[in-house]
Amino acid sequence: MLPATDTQEFKELLHQQVDKRRTFAIISHPDAGKTTLTEKLLLYSGAIRSAGSVKARKSDKHATSDWMDIEKQRGISVTSSAMQFEYDGYHINILDTPGHQDFSEDTYRVLVAADAAVMLIDAAKGVEAQTIKLFKVCRMRNIPIFTFVNKMDRAARDPFELMQELEDVLGIRSCPINWPIGVDGDFQGVYHRDTKMVELYENGDHGKKKLDKLDIALDDPAIHDVLAQHYIDRLNEEIELLDIGEEFDPERVRKGELTPMFFGSAVTNFGVEPFLERFLKFTPPPLSRLSDAGEIGPEEPYFSGFVFKIQANMNPAHRDRLAFMRIVSGAYQKGMEVWHSGTGKQVTLKQPQQFMADEREAVEEAWAGDIIGLFDPGIYQLGDTLSSGPKIHYENIPVFAPEFFNRVRPEDSMKRKQFQKGISQLAEEGAIQTFIRTETGREEFMVGVVGVLQFEVLEHRLKTEYQTKIVMEGMPFRHVRWVVKSPKPIEDLKLTSTSGRAKDSRGRDVLLFENEWSIRLACENNEGLELAETANRL
Ligand code: G4P
């Protein structure tokens, strides 16, 4: 039992717990080594005993699925939606994000729950397509971004060139915290700029265990016994160059204007622990969030938070539905009753779960910054607030405007019920948006998505989880606009012949367009027509 929330004892406990919490997401292009890095982090914490368990599961999925990409995406985002572990007195929540750009909306929602992001880059490939997309999403949230340049054990690009690329392609300045010695498959180790120590690389046991550190000060004469002169000379020159470059400025890091940069090799365990230690030190404890009653900080004594992800059928055998919640303030205690913004009623939080590498466990207590999974009997929606204190509403989680539209129907009309159930489930998870179009004289059911891969997910999940095969036909629309204000009934609006009219899942009027030009024309030809790009501000 926790002490009563109005006591000094509780306040002190809350302060301690908040102070040691760190909640972050890892973003990367597929194959940069996110699974490997996550696994190594878990390994340090003792959360898993041997490297390989996260990986092994991922490869199983690869081997057994025809739907590799989807399963991989789903595998990553599902099994490791939120993992937590302890390290060096810190309590860490890692939020995983799908690597594919078609899931950028999913990524955005996950980032709403994070206080920082780790951007993983393949040292040989540099900034890749998905890195750019996901970085942009991070930028929208203004959270600190830490860069880990992975795979230094192999041929790698010149580190200065990589720094330049971050600046040119992503528009962010970087500040190396450590620096590689010997690149291009000739990796000797790293120099830690803060401690002025050299850590030598020795590839042992394929990264299955932690290496004993091989640390030596750069000005220690014994360095000459372990590192050839030309490495030392080059390192000294490079340090000089770095020293006149960008200085480490925690304030700019917090604002997302400067990214601390680390070099290492996840698979061989090299540089992962020094990264983790510094990352935990520099990254902020749980940040406050905006609500309709102003900013709510983590040390408000009442429990509050918001739902940022809904996932059904995580375990097909159980047919369960989980709502993932980020706790913004206070503490959760077992059996707690809280107010729920969606229904306006008190709900009991039944058996919240937290997730480890390969298991989930019931939570007895959880604190601001933590991510918990709530069993959802179908009442939670994305963005819902839960609070044991005042009836506040956290800021809406924005919905992205869909850019691809398909007409969808069940192949077998007898399966209509299941079809509708599956579709509404996926819509509630935020993976798709649904529309009904009647202007063609019959009722057409349409699905809109942000990335086309979502259509494949839709098809696949309806088949496997709802035993319903569907028929999809592409539609030429690329833009949807919600009607905020209209001078006349929607049917009477003057639109181009290729534009369409429909209603969203809540019966609100929307217009569909093939191009920007017809949107402009609609506004010009219908004075007083006001359109919104998303349903957010309706
Ligand atoms: P992802 O989750 O970002 O998609 O990447 P993942 O960790 O699965 O890593 C992708 C590949 O890169 C894996 O190889 C992994 O072993 C390798 N890798 C990860 N970190 C490093 C590193 O620091 N150095 C080197 N050289 N390779 C690294 P794979 O061949 O796809 O799988 P496997 O043979 O390891 O099972």
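Residues numbered from 1 in each chain as written. Predicted model: local features only at pLDDT ≥ 70, side-chain atom pairs only at ≥ 80, totals over all residues. Heavy atoms only, no water.

## Re the overall build of the protein chain
A count of helical and extended segments in the protein chain gives 14 helices and 31 strands. Looking at the protein chain residue by residue over its 538 residues, the buried ones come to 57%. Of the contacts made within the protein chain by residues no fewer than 6 positions apart, 71% connect residues no fewer than 24 positions apart. Surface accessibility of the protein chain: about 23,600 Å² in total, with carbon and sulfur atoms responsible for 47%. (Helix = DSSP H or I, 4+ residues; strand = E, 2+ residues; numbered from the N terminus. Buried < 20%, exposed > 50% of the residue type's maximum accessible area, 1.4 Å probe, protein only. Contact = heavy atoms within 4.5 Å. Areas by Shrake-Rupley, 256 points an atom, 1.4 Å probe, with all protein chains shown as cover.)

## Regarding the side chain of Asn406
Relative to the helices and strands, Asn406 is located in strand β24 (residues 404-410). By relative accessible area, Asn406 is classed as buried at 10%. A polar side-chain atom of Asn406 sits 3.5 Å from the main-chain amide nitrogen of Gly474. Those residues in contact with Asn406 that sit more than four places away from it in its chain are Phe445, Met446, Val447, Phe455, Met472, Glu473, Gly474 and Met475. (Polar contact = N/O pair within 3.5 Å; in protein donor to acceptor, adjacent residues only side chain to side chain.)

## Re the environment of Pro476
Position of Pro476 among the secondary structure elements: in the loop between β27 (470-475) and β28 (479-485). Separated by 23 residues in the primary sequence, Pro476 and Ser499 have C-alpha atoms spaced 9.4 Å apart.

## A closer look at unusual backbone geometry
Even without glycine at this site, Lys151 takes up a positive phi of about 65°. Relative to the elements of secondary structure, Lys151 occurs in the loop between β5 (145-150) and α7 (159-170). On the basis of relative accessibility, which here comes to 18%, the residue Lys151 falls in the buried class. At Gln467, a residue that is not glycine, the phi angle is positive and equals roughly 50°. Mapped onto the elements of the fold, Gln467 is located in the loop between α13 (453-466) and β27. The partly exposed category is assigned to Gln467, whose relative accessible area is 43%.

## Some words on the sheet that holds strand β29 (residues 500-504)
The antiparallel open sheet is built from eight strands, whose spatial order is β27-β24-β26-β25-β29-β30-β28-β31. Two strands in the sheet have a free side with no partner beyond their single neighbour: β27 and β31 (530-532). Each neighbouring strand pair of the sheet contributes to a mean axis angle of 40°, computed without reference to strand direction. Sheet analysis places β28 next to strand β30 (residues 509-513), joined by four bridges and oriented antiparallel. Within β30, the residue paired with Trp482 across the bridge is Val510. On the sheet, α13 packs against β24, β26 (444-449) and β27 and is oriented at approximately 165° with respect to β27. (Pairing = 2+ DSSP bridges. Axes fitted to C-alpha atoms, helices over the stretch in contact; angles between N-to-C directions.)

## Observations concerning the packing of helix α2 (residues 34-45) against helix α11 (residues 272-282)
Two elements in contact, α2 and α11, have axes whose closest approach is 10 Å; the angle formed by their N-to-C orientations is 75°. When the axis of α2 is compared with that of α11, the two are roughly perpendicular. On α11, the residues that touch Leu37, Lys40, Leu41 and Tyr44 of α2 are Val272, Glu273 and Leu276. For the contact of α2 with α11, the per-class residue count stands at five nonpolar, no polar and two charged. (Parallel < 35°, antiparallel > 145°, perpendicular 65-115°, else oblique. Nonpolar A, V, L, I, M, F, W, Y, C, P; charged D, E, K, R; others polar.)

## As for the pattern of salt bridges
Counted according to the given criterion, the structure contains 28 salt bridges. Residue Arg234 is joined to Glu238 by a salt bridge in which the shortest nitrogen-to-oxygen separation is 3.0 Å. Separated by four residues within a single helix, Arg234 and Glu238 lie in helix α9 (residues 229-243), roughly one turn from each other. The residue Asp376 makes a salt bridge to Arg321 at a minimum N-O spacing of 2.8 Å. Here Arg321 lies in strand β15 (residues 321-329) and Asp376 lies in the loop between β22 (371-375) and β23 (385-387), a separation of 55 residues in the sequence. Here the two residues Asp376 and Arg321 agree in accessibility, since each one is buried. Residues participating in the shared-partner salt-bridge network are Arg407, Arg437, Glu439, Arg442, Glu444, Glu473 and Arg501. (Salt bridge = Lys/Arg side-chain N within 4 Å of Asp/Glu carboxyl O.)

## Digging into the sheet that holds strand β9 (residues 197-200)
A sheet is described by the order of its strands in space; here four strands give the open sequence β7-β8-β9-β10, paired in antiparallel fashion. Looking at which strands have only one partner, the edges of the open sheet turn out to be β7 (178-181) and β10 (215-217). Between one strand and the next, the sheet's axes are offset by a mean angle of 25°, whatever the strand orientation. Bridging between strand β8 (residues 189-192) and β9 involves four bridges; their strand directions are antiparallel. Of the residues in β9, the one forming a bridge with Gly189 is Leu200.

## As for the nonpolar core
Grouped together as the largest cluster of nonpolar side chains are 63 residues, with contacts concentrated most on Leu95 and Val198. Membership of the second largest hydrophobic core comes to 30 residues, among which are Ile26, Leu37, Ala116 and Phe148. (Core = buried A, V, L, I, M, F, W, Y, C linked by side-chain atoms within 4.5 Å.)

## Digging into the packing of aromatic side chains
All chains considered together, the criterion is met by 18 aromatic pairs. Ring geometry for Phe24 against Phe279: centres 4.6 Å apart, planes inclined by 75°, an arrangement best described as edge-to-face. Of the two residues, Phe24 sits in strand β1 (residues 21-28) while Phe279 sits in helix α11, which places them 255 residues apart along the sequence. Both residues of the pair, Phe24 and Phe279, count as buried. Their ring planes at 50° and their centres at 4.7 Å tell us that Phe160 and Trp179 sit as a pair that is tilted. Here Phe160 is found in helix α7, whereas its partner Trp179 is found in strand β7, with 19 residues between them in sequence. (Phe/Tyr/Trp six-rings, centres within 6.5 Å; stacked < 30°, edge-to-face > 60°.)

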